[in-house]
Amino acid sequence: PNTQADVKAGNKELSQAECESKPNTVWVAANWTEKGVFSESAKSTSGCIRYFPSSDVGTNPQLMLYVEGDMVEPGGYKFATYKQQVAQANSVAKGNGFAVVIIARPGVFGSTGANHWSDRRTPIEANLINAAVTAIKAKHGYQRAHIAGQSGGGGLIAAMLTLGRDDLDCVAIASGVSAVRLRTMDL
């Protein structure tokens, strides 16, 4: 499970049982209502979200979660393998004194539930990441956390803030588009 091919196989769908048999994953289900001009519609999705924890997750009382930006091209992330992602989490943890979890966005690094190319910056991705934050915190015994996101990850964090979270102490958005609808209109 620590091969580069496994880490990059984000578009492969996994069952809940397959997900739960893998290390450092959470199975999440998300439900939300999309409100249109003339109607509302109930939406739901589920998936397996992979994450990369520093070695002190669960023992350090402070947790920082991190969400990467958009993958621009296959192989675009600098830290592509499981081992490299965990090493990065450990390096950041050592540098700031918090336990660190890097959350793999749906469609990359072994996370499923959405396609990274067509579903990024949509309610599907935001609700899956929101559910993953809750599940990861619960799995490791954290009530509260800090969270940071860069670029597309920052936009996801901004979206999470609109979903009623009150368990995040510090939120850092770096180069994130927080007004996705306005940005989309500019394209």
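Notes on the structure in this doc start here.

The rules behind each value
Residues numbered from 1 in each chain as written. Predicted model: local features only at pLDDT ≥ 70, side-chain atom pairs only at ≥ 80, totals over all residues. Heavy atoms only, no water. Pairing = 2+ DSSP bridges. Helix = DSSP H or I, 4+ residues; strand = E, 2+ residues; numbered from the N terminus. Salt bridge = Lys/Arg side-chain N within 4 Å of Asp/Glu carboxyl O. Buried < 20%, exposed > 50% of the residue type's maximum accessible area, 1.4 Å probe, protein only.

1. Some thoughts on the pairing of strand E2 (residues 40–53)
No. 1: Relative to E2, strand E1 (residues 25–35) is paired through eleven bridges, and the arrangement is antiparallel. Bridge assignment links Val26 to a residue of E2, and that residue is Ile49.
No. 2: Once E1 ends, the chain turns through four residues before running back antiparallel as E2.
No. 3: In the sheet, E2 pairs with strand E4 (residues 99–103) via three bridges, with the strands oriented antiparallel. The partner of Tyr51 across the bridge, within E4, is Ile103.

2. Quick notes on the pattern of salt bridges
No. 1: Per the counting criterion, the structure on display carries four salt bridges.
No. 2: Across the salt bridge formed by Arg105 and Glu125, the nearest N and O atoms sit 2.8 Å from each other. Here the residue Arg105 occupies a position in the loop between E4 and helix H4 (123–139), and Glu125 occupies one in helix H4, the gap between them amounting to 20 residues. Here the two residues Arg105 and Glu125 agree in accessibility, since each one is buried.
No. 3: A single network of salt bridges, built from pairs that share partners, joins Lys137, Arg165 and Asp167.

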